[in-house]
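Okay, here's what each chain looks like letter by letter:
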Amino acid sequence: NLRIFFNLLKNKDKYKKMIHLGSGAEYDKSKPIIKVKEADFGKTIPQDEYGFFKYICSKYIEKEENIISLRIFGLFGKYEDFRYRFISNAIINDLKGLPITMNQNVFFDYVYINDFVRIIEYLIENNAKYKFYNIGSGKKIDILSIAKIINQIADRKSKIIIKNKGLNHEYTCDNRRLKNEMKKFEFTSFNKSLSELYRWYKTIWKKN
């Protein structure tokens, strides 16, 4: 991943703008990340390989003029790998008549993929004021609540299994920088986006 990034950086004279997909993991997921601001970057160094990779990219982007980095927190929607992504996995399990299972409950700040695409379009067409933006809806939700919403939407109610008690480290951000720049932007409500995704998976499931 670093080789890819540095090869693109090496050829920066061949493009006008790069939009880099960063991660909330840059703020160090070894501890709770709660309503973190872009200015908090660098206070701690990520302990995991993925977060450290994104952290290194951001340290270089700080010195560059034509790169925008989007620090993504929870992203969900069509075509993601349902084996590893909780929301899609929970929907698929419901459709298969299996329990919705989670290791531990946790609060995330999710963004629907359709909204994320609209953010990308804006940044392609406009000059950004900053190099770094947190990508979150500004509204946290725990995955147990998500499982309950899926049960409300679904044709059947799945059993919900939580393997470990308590809450895992929160993973949420302050998105005011993004909202102040995209003043007219409205995020799709979570219930609406989840309903759309459920109907899409239900159609795909029937075809297969």
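The model shown is predicted, which means the values in this text are computed figures rather than measured ones.

Student: What is the right way to read the overall build of the chain from this model?
Tutor: Broken down by element type, the chain carries seven helices and eleven strands. The C-alpha radius of gyration computed for the chain amounts to 18 Å, which stays within 12% of the reference 17 Å derived for 208 residues, consistent with globular compactness. Seen along its three principal axes, the alpha-carbon backbone of the chain occupies a region of about 55 × 35 × 35 Å. The contacts in the chain between residues at least 6 apart in sequence include a share of 84% that link residues at least 24 apart. For the chain, the exposed area adds up to about 12,200 Å²; of that, 51% sits on carbon and sulfur atoms. Averaging the coordinates of the 40 positive side-chain charges in the chain and doing the same for the 24 negative ones gives two points 3 Å apart.

Student: Just to check I follow, could you spell out the nonpolar core for this structure?
Tutor: The nonpolar side chains of a soluble globular protein tend to be buried, and buried together. Grouped together as the largest cluster of nonpolar side chains are 36 residues, with contacts concentrated most on Phe86, Ile87, Ile91, Tyr110, Ile146, Phe190 and Leu194. Taken together, the elements giving at least two residues each to this core come down to β2 (33–36), α3 (86–95), β5 (100–105), β7 (110–112), α5 (143–153), β11 (171–173) and α7 (190–207). Once you skip the residues sitting within four places of it in the chain, leucine 194 turns out to touch Phe76, Ile87, Ile91, Ile146, Ile149, Ile150 and Ile153. By size, the runner-up hydrophobic cluster in this structure holds 13 residues, among which are Leu123, Ile135, Leu178 and Phe185.

Student: Looking at this structure, I do not really get unusual backbone geometry. What am I missing?
Tutor: A negative phi angle characterises most non-glycine residues, just as the trans form characterises most peptide bonds. A positive phi angle, near 85°, is found at aspartate 28, a position not held by glycine. Note that aspartate 28 resides in the loop between β1 (18–23) and β2. In the Ramachandran plot, tyrosine 79 falls in the positive-phi region, its phi being about 75° despite a non-glycine side chain. If you trace the backbone, tyrosine 79 turns up in the loop between β4 (74–76) and α3.

Student: Whenever I open this one, the sheet that holds strand β3 (residues 67–72) confuses me. Can you help?
Tutor: In any sheet, the strands associate via hydrogen bonds between backbone groups, in a parallel or an antiparallel arrangement. A sheet is described by the order of its strands in space; here three strands give the open sequence β1-β3-β8, paired in parallel fashion. Each of the sheet's edge strands pairs with one partner strand only, and the pair in question is β1 and β8 (132–135). Mean inter-strand twist for the sheet, computed between neighbouring axes without regard to direction, equals 25°. As defined by bridge partners, β3 adjoins β8 across four bridges and the pair is classed as parallel. From the neighbouring strand, leucine 70 faces β8, where its bridge partner is tyrosine 133.

Student: Looking at this model, I keep getting lost on the pattern of salt bridges. Mind explaining?
Tutor: Pairing is possible between side chains that carry opposite charge, provided their charged atoms lie close to one another. Summed over all chains, the structure comprises eleven salt bridges. The shortest N-O distance in the salt bridge between lysine 12 and glutamate 64 comes to 2.9 Å. One end of the pair, lysine 12, is in the loop between α1 (2–10) and β1; the other, glutamate 64, is in the loop between α2 (49–61) and β3, and 52 residues separate them in sequence. Relative accessible area serves as the criterion here: at 36%, lysine 12 is assigned to the partly exposed category. Between lysine 14 and aspartate 13 there is a salt bridge, with the nearest N and O atoms lying 3.8 Å from each other. Exposure remark for lysine 14: the relative accessible area of 64% places this residue in the exposed category. Here aspartate 13 falls in the exposed class, since its relative accessible area comes to 64%.

Student: Quick question: what am I supposed to make of the environment of tryptophan 200 here?
Tutor: Locating tryptophan 200 in the fold gives a position in helix α7. It is 26 Å that separates the C-alpha atoms of tryptophan 200 and isoleucine 162, two residues lying 38 residues apart in sequence. Apart from residues no more than four positions distant in its own chain, tryptophan 200 is found in contact with Lys78 and Tyr79.

Student: Whenever I open this one, the side chain of serine 88 confuses me. Can you help?
Tutor: Here serine 88 shows up in helix α3. By relative accessible area, serine 88 is classed as buried at 0%. A distance of 2.5 Å separates polar atoms of two side chains, one belonging to serine 88 and the other to glutamate 80. When near neighbours in sequence (up to four residues on either side) are disregarded, serine 88 contacts Gly77, Glu80, Phe82, Leu197 and Tyr201.

What counts and what doesn't
- Residues numbered from 1 in each chain as written.
- Predicted model: local features only at pLDDT ≥ 70, side-chain atom pairs only at ≥ 80, totals over all residues.
- Heavy atoms only, no water.
- Helix = DSSP H or I, 4+ residues; strand = E, 2+ residues; numbered from the N terminus.
- Rg over C-alpha atoms; globule rule 2.2 N^0.38 Å.
- Contact = heavy atoms within 4.5 Å.
- Areas by Shrake-Rupley, 256 points an atom, 1.4 Å probe, with all protein chains shown as cover.
- Lys, Arg positive; Asp, Glu negative; His and termini not counted.
- Charge placed at Lys NZ, Arg CZ, Asp CG, Glu CD.
- Core = buried A, V, L, I, M, F, W, Y, C linked by side-chain atoms within 4.5 Å.
- Buried < 20%, exposed > 50% of the residue type's maximum accessible area, 1.4 Å probe, protein only.
- Pairing = 2+ DSSP bridges.
- Axes fitted to C-alpha atoms, helices over the stretch in contact; angles between N-to-C directions.
- Salt bridge = Lys/Arg side-chain N within 4 Å of Asp/Glu carboxyl O.
- Polar contact = N/O pair within 3.5 Å; in protein donor to acceptor, adjacent residues only side chain to side chain.

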